[in-house]
Amino acid sequence: MRLYGLFLLLSLSSAVNILTSPPLNCTQQGLRCTVSSSNCLDKGWLKVKDYTPSSPEGLNVTVTTKEDEAGQLQPVLAVNWNMKDDGSIRYLNATEFHLVVLATNEHICVRYSFKDKLPMRNSFGNKWSFSANMLVLDPGHMYRVSVFNIPKPEMFHSNYDISTQVLVPGCQDSVMKMTQFCIERGSLWQSNISVAAKERPALTVRFSPDPLCEEYIVIVTCESIQQVEHVFKANQTDLNRTFSLNKWPRSCCTFDVEVKPIFQKCGQDCARHKKTLLICPAVPTDAQVAPQYTPVIVSVVLLCAGILSVYMHILCRKPGKPSDAFTVVEDKIPKLLQQTPKVLVIYSQDHHLYRDIVLKLCAFLQAKCGAKVLIDLLDANFLSMIGRLPWLEWQRRQLKNPTDKILVLCSPGVQAKWRAMCGHSRVTLKEDLNSSMDDMLTPFLNLFLPNMHQARMHGMYMVAYFSDISNEQDVPSIFDIAVKYKLMRDFEELFFGVLDMEKYQPGLVHRIEGIGGDEYFKCPSGLALKNAINTFQAYQLKHPDWFERECVHSEEELGTEASRLIEHQHGPPILECLPLIRDVPSVSVCEVQIRENDDSVKVLTPELNTKRHLPSVAELIPEVNPVYTSPNLSFAQPSVLLTEPVSSGQKWLSSAARHQSQVPVEIGEEWPSGSRTLNSQDSTPPCSSTGSPPPNPINKCEDKIEPNSGSDQGYISKVPSPLGTSCKEDPLVALARLQEELYLQTVNSSELGP
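Residues numbered from 1 in each chain as written. Predicted model: local features only at pLDDT ≥ 70, side-chain atom pairs only at ≥ 80, totals over all residues. Heavy atoms only, no water.

**Student:** In this structure, what is going on with the overall build of the chain? I would like to understand it.
**Tutor:** Scanning the chain from N- to C-terminus turns up 17 helices and 26 strands. The buried share of the chain, taken over its 754 residues, is 35%. Once local pairs closer than 6 in sequence are excluded, the contacts in the chain between residues at least 24 apart make up 69%. When the accessible surface of the chain is split by element, carbon and sulfur atoms take 54% of a total near 46700 Å². (Helix = DSSP H or I, 4+ residues; strand = E, 2+ residues; numbered from the N terminus. Buried < 20%, exposed > 50% of the residue type's maximum accessible area, 1.4 Å probe, protein only. Contact = heavy atoms within 4.5 Å. Areas by Shrake-Rupley, 256 points an atom, 1.4 Å probe, with all protein chains shown as cover.)

What follows is the structure, given as structure tokens:
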């Protein structure tokens, strides 16, 4: 019994049925065909097919009505589709359409199985066409219809079906309300509800029943208070129910009456019929009711009258000039400046045109407003010497007075760098790399951030942006605590903020002539600022992606762009002249030192130092007396000729005296009596003259010495070497004469005696 009840419940709740009359048939001329229905599960899906037919085409779906075998009108689904006339039709075994109820996910399939192989077209020369109109639908439901050919293609192959969705109209539709489905649910019920309240304590509800419904529920509602009564037909043609009004407050005037039928097919979900009744008259007649609401009504009327009078007074009042209510005071900047305010300007070098705007703003602050501006662009030398952080720390220590402010000019670069500090991708701007100061905003935020949110420091920081080239979205969230100024519209308010002075005071409005948003450009510095803003604004309009162009990933990218710009330059080349340095061996110049009252001759010969790589000067001192040895004397090879004296009657004459007369001297110069070497110190020990002849007098004659010497600058020296004169006298003759002179000197000294 339980299984039968469950089957009955499922059959009642089913949204799809199949008509059995007339019998199902799909046979056509030249085609034998059978019809079957199922729950869309097929064992043939497990078999792999090498060849499968193409999908159908031309699907057409409509909803219509049709009488069933009992003569009752039912909503049915009419489906039509065609087969493709291609070669795959030879593998076609069947065609099937699939119906799904979207609300309940209920499935039903109807298959047309072919007993013969289909030619490409039917006997009439048309494409094979199939139709179906045996499925009964429920009004108010949404269905999905799909048609596909059997066997189905394998998974991940081409689409094998065509599908569409269809909505069946509800029972309110003029056609659907005549179907058996809607009639069984009360679509033809005429309730004829009437509500009467002849006496205050009672409310009577009357209505007509439906032949298919035995039970009804009457619901009366007023001010969220509800009363429910059950009514049974019991072969009556008119039903009524009376409700007592004492269960509602006396203020209830509007009653909503609903009659809910309990049909067998829809149960508690059947459509309700409603009606509304107003039982209160327009003017209260009960004397006890009027005094209860009189104070409230009077209070509301008086309040509305007061609000209306105030509104009319404000609306009808003639608008006067600000001078009627306030006194406008034209202030002069020199009078307001008790001391020169200092303004530290912090910004981001987004573009060279934007940097020009910042400079023009600083010039306007100094020239027109009398403020002392502290900015890195005006202190580049000192900043490059000490660095960015020390420079910012130094400027912070200078801001001691209450009128000293820090002005942050916000731009897209400021917002991007703040986001980079918060963890977003790093931003590198071209102007920061090209500038000697680099980025000043990031170290400023790192240094000033700790005390920026202190209560006593709020008045020190001011935030502004140029409204013509930026917007409020460029202001980082860290500056939400500060007042934001739009330049140049709010420049006057910004300057009052610098002075710690209120523009609006009780009965007074302070104004400063020449710095407002509509007149700041009447001075030269303001005009230059306006032109700079207009130039950058025009550049932004021409290049909407200007900020992305200014961002680079590395310095190498900036160098590549600079090289590309240099390659495209047209003009004369730039030449660099370098001095030519002659890389030749150095020349040492030695001069002969002649000592007066000496009996010996010193001959200096230049010697090249080959052991050192750098040019040097060699000092050579000849050996005078074999007995005396100087620690500074060092000769690689003997450069003197020692001879023994011979007796002669001639007087001995120093060869140095003879050579001295032969040395050429330039005009205006005198050869010194005692020449020294190039070295400033005399390393040769002095020779003392005792009157006795030297044991080994020396005479040397150079074979060949270059008359000119060159310096390391490539110039030719004009002074010839004193030893550059070669001997023209026969050496044997000179030796004989020297021996004779020495001999005569020896004889004379022996005659004189000690």
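**Student:** Explanation requested: the environment of Leu135 in the structure shown.
**Tutor:** With respect to the helices and strands, the residue Leu135 is situated in strand S7 (residues 129-136). Counting along the chain gives 118 residues from Leu135 to Asn17, while the straight-line C-alpha distance between them is 5.7 Å. Setting aside its immediate chain neighbours within four residues, Leu135 contacts Val16, Asn17, Ile18, Pro75, Val76, Leu77, Phe97, Leu99, Ile108 and Val110.

**Student:** Help me understand the confidence of the model for the chain, please; the structure alone is not making it clear to me.
**Tutor:** Do not read the fine detail of predicted coordinates wherever pLDDT is low. Model confidence for the chain is summarised by a mean pLDDT of 74, while 68% of its residues fall at 70 or above. In this model, residues 318-326 is a region of pLDDT below 50 whose contacts with residues beyond four sequence positions or in other chains number 3 contacts. (pLDDT = per-residue confidence, 0-100.)

**Student:** What is the right way to read helix H8 (residues 388-398) from this model?
**Tutor:** Buried within H8 we find Trp391, Leu392 and Gln395. Projection of H8 onto a plane perpendicular to its axis shows the buried side chains occupying an angular sector of 95 degrees, all on one side. Looking at the buried residues of H8, the elements they touch are strand S18 (342-346), strand S19 (372-374), helix H7 (380-386) and helix H11 (441-452). (Arc of directions from axis to C-beta.)

**Student:** What should I look at first to understand the packing of aromatic side chains in this one?
**Tutor:** Geometry of an aromatic ring pair is reported as the spacing of the ring centres plus the angle between the planes. Summed over all chains, the structure comprises 18 aromatic pairs. On the basis of an interplanar angle of 35 degrees and a centroid distance of 5.6 Å, the ring pair of Trp189 and Tyr216 is categorised as tilted. One end of the pair, Trp189, is in the loop between helix H2 (180-183) and strand S10 (194-196); the other, Tyr216, is in strand S12 (residues 215-222), and 27 residues separate them in sequence. On the basis of relative accessibility, which here comes to 4%, the residue Trp189 falls in the buried class. The exposure class of Tyr216 is buried, given its relative accessible area of 0%. For the ring pair Tyr520 and Phe521, a centre distance of 5.5 Å and an interplane angle of 80 degrees mean the geometry is edge-to-face. Phe521 sits in the partly exposed class, given a relative accessible area of 27%. Grouping aromatic residues by their ring pairs yields a cluster made of Tyr354, Phe466, Phe536, Tyr539, Trp546 and Phe547. The ring of Phe521 carries the charged tip of Lys530 above its face, separated from the ring centre by 4.9 Å. (Phe/Tyr/Trp six-rings, centres within 6.5 Å; stacked < 30°, edge-to-face > 60°. Lys NZ or Arg CZ within 6 Å of the ring centre and 35° of its normal.)

**Student:** I'm lost on the nonpolar core in this one. Help?
**Tutor:** Nonpolar side chains tend toward joint burial in soluble globular proteins. The biggest cluster of nonpolar side chains holds 42 residues, and the ones touching the most others in it are Leu409, Phe466, Leu487, Met488, Phe491 and Leu494. When residues of this core are traced back to their parent elements, those giving at least two are S18, helix H6 (352-367), strand S20 (405-409), strand S22 (461-466), strand S23 (484-487), helix H12 (491-498), helix H13 (524-542) and helix H14 (546-550). Broken down by element, this core gets its largest block of residues, 8 residues, from H6. With 33 residues, the next largest nonpolar core counts Val61, Val79, Ile108 and Cys182 among its residues. (Core = buried A, V, L, I, M, F, W, Y, C linked by side-chain atoms within 4.5 Å.)

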